[in-house]
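Fold and geometry: a report
So the chains spell out like this:
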Amino acid sequence: MMWPGSDYQYKNNTITYFKKYQYGGSWNAKVDEVVGWFTNKDKPANLVMLYFDEPDGHGHMFGPNSPNISTQIARCDAITRYLLDQLDHVGLKEKINLFILSDHGMSKVQMRDIIDLSPWVNDTNAKFGGGSPTIEIFPNQGKEDEIYQMLSKAAAKLTTFQVFKKEDMPERWHYKNNERTPPILALANVDYAFKDIWDEIKWFEKYNVTVTPDSTIGLHGYDNTDGASPMYPIFLASGPLLKKSTRVDPFENIHLFSLWCQMLKLDPPTAPNLVTPGSLRSVEHLLADNSGSGTSTAPYLATVLLVVVILGSVIFILVIYENFGGLIRLRELISPITRSRNSQSSRRDTTQYRPLSELAEESEESPEESDNRTSSARTPRV
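Residues numbered from 1 in each chain as written. Predicted model: local features only at pLDDT ≥ 70, side-chain atom pairs only at ≥ 80, totals over all residues. Heavy atoms only, no water.

Focus on unusual backbone geometry
Defined as follows: Under the scheme used here, helices are H or I runs from DSSP no shorter than 4 residues and strands are E runs no shorter than 2 residues, and both carry numbers assigned from the N terminus. Under the scheme applied here, a residue whose accessible area is under 20% of the maximum for its type counts as buried, over 50% as exposed, and between as partly exposed, the area being computed with a 1.4 Å probe on protein chains only.
At the junction of Glu54 and Pro55, the peptide bond is cis and its omega measures out at 10° in the coordinates. Along the chain, Pro55 turns up in the loop between strand 1 (47-52) and helix 2 (56-62). Geometrically, the link from Ser132 to Pro133 is a cis peptide bond, its omega value of 15° lying close to zero. Note on placement: Pro133 falls in the loop between strand 5 (126-129) and strand 6 (134-139). Phi angles above zero are rare outside glycine, and His174 is one such case at about 50°. Within the secondary structure, His174 is located in the loop between strand 7 (161-165) and strand 8 (184-188). Of the residues examined, His174 reaches a relative accessible area of 65% and is grouped as exposed.

Here's the deal with the packing of aromatic side chains
Applicable threshold: Whether two aromatic rings pair depends on their centres lying within 6.5 Å, for rings of Phe, Tyr and Trp, where Trp uses its six-membered ring; planes under 30 degrees apart make the pair stacked, over 60 edge-to-face, and the rest tilted. Two thresholds decide whether a charge sits over a ring: the Lys NZ or Arg CZ must be within 6 Å of the ring centre and within 35 degrees of the ring normal.
Considering all chains together, one arrives at 8 aromatic pairs under this definition. A centroid spacing of 6.1 Å and a plane angle of 90° characterise the contact between Trp203 and Tyr207, whose relative ring orientation is edge-to-face. Of the residues examined, Tyr207 reaches a relative accessible area of 14% and is grouped as buried. One aromatic cluster is present, built from ring pairs that chain together Phe99, Phe235, Phe251 and Trp260. Looking at Arg75, its charged tip hangs above the ring of Trp27, at a distance of 3.9 Å from the centre. Taking the ring centre of Tyr148 as reference, the NZ or CZ of Lys165 above it sits at 5.2 Å.

Quick notes on the side chain of Gln86
The line we're drawing: Any pair of nitrogen or oxygen atoms within 3.5 Å is treated as a polar contact; in protein, a donor-acceptor pairing is required on top of that, and neighbouring residues in sequence qualify only through side-chain atoms on both sides.
Note that Gln86 resides in helix 3 (residues 67-89). Side chain to side chain, Gln86 and Asp32 meet in a polar contact 3.3 Å long.

A word on the packing of helix 1 (residues 27-38) against helix 3
Any two packed helices are characterised by the angle at which their axes cross and by the distance between the axes. Using the following cut-off: Axis lines are fitted through C-alpha atoms, for helices just across the contact stretch, and the angle between N-to-C directions can take any value from 0 to 180 degrees. For classification, angles of less than 35 degrees are called roughly parallel, those exceeding 145 degrees roughly antiparallel, those between 65 and 115 degrees roughly perpendicular, and all remaining angles oblique. Two helices that cross are described as forming a left-handed crossing if the nearer one is turned anticlockwise from the farther one by less than a right angle, and a right-handed crossing if clockwise. We call two residues in contact when some of their heavy atoms are within 4.5 Å. Following the grouping adopted for this structure description, the nonpolar residues are Ala, Val, Leu, Ile, Met, Phe, Trp, Tyr, Cys and Pro, the charged ones are Asp, Glu, Lys and Arg, and the polar ones are all others, Gly among them.
Running from amino to carboxyl end, helix 1 crosses helix 3 at an angle of 30°, the nearest separation of the two axes being 10 Å. Regarding the angle of helix 1 to helix 3, the classification is roughly parallel. At the point where helix 1 passes helix 3, the crossing takes the right-handed sense. Residues Trp27, Asn28, Val31, Asp32 and Val35 of helix 1 pack against Arg75, Cys76, Ile79, Tyr82, Leu83, Gln86 and Leu87 of helix 3. Of the residues belonging to the contact of helix 1 with helix 3, the class tally is 8 nonpolar, 2 polar and 2 charged.

Function-wise, these values are silent; they only describe arrangement.
Here it is, written out as structure tokens:
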């Protein structure tokens, strides 16, 4: 459901249910539809991914500390409750393993802190790709060393960005061993962006958001180490296959692929078809003591992976796996339902989509407040 790439074939196979991405619409209706996929009598889904694109949009336009973000987080909270209520209604809530994750964080950028690289590299000596907080630099023939030396000196003087040659890029990026990787990469430090950001944020205009040098916006894509904690995602999880009341040390999200394969009793691919460098060993401590082997005596188990991006895109991943006659059990769970899907949909939709510009107007500050908060990007008063 709204999951990027889900409508494409892979090895001549197409997934059973999918809906292409579209902005807006009722969040509750999306939840209703995917719960219907799970409870389909003929083809109950065993893996569902449900995607929402907020609060990423508002985070970019107003920065991570804006009141607009509080509004979007409240929407995420409401849709989480609605999802749990709907799962409870169809008898799946207590058989669910729920994961709340994010794919990235968000850092504030004050537009007066923009980095201009044009004194050292510009259209006369290079071509460019990417966008803030990274700039891919493809120097003209014979100019690579000269440009790198100039940018290195500028980075040391300004202390607001770093510059790397392709061969010197950190191994942990898994980036340098590709023919599309640029000869030189400029990376802004957290809370900074390059001058290209003025072109990237032109899409704000269609939501009546005006950005000035005093505005604050949001950005992600920075190095997630070197103290860049605003880039860290979140992780919350609960369910019968998971440990309870446990705080775990940070880990990389790539390892969750192996964990989900274990929970679904699937064999993860191995080299040369390995799709992720993650490993089960890094996250198996999340499993309950009686589930580490992947075996269970339960007649039916379901896993719902609910991935919520705070200050990023909101993603819901729902997974059900059948064990010991699970399909038969699922049909037994469907039959007692007495309330129709139509009556559920008629309930007040607390997460009904509203235009970004409308929400922006609600959180607009008064002129007096603006004097004290000149860095906020705001919708002009009409």
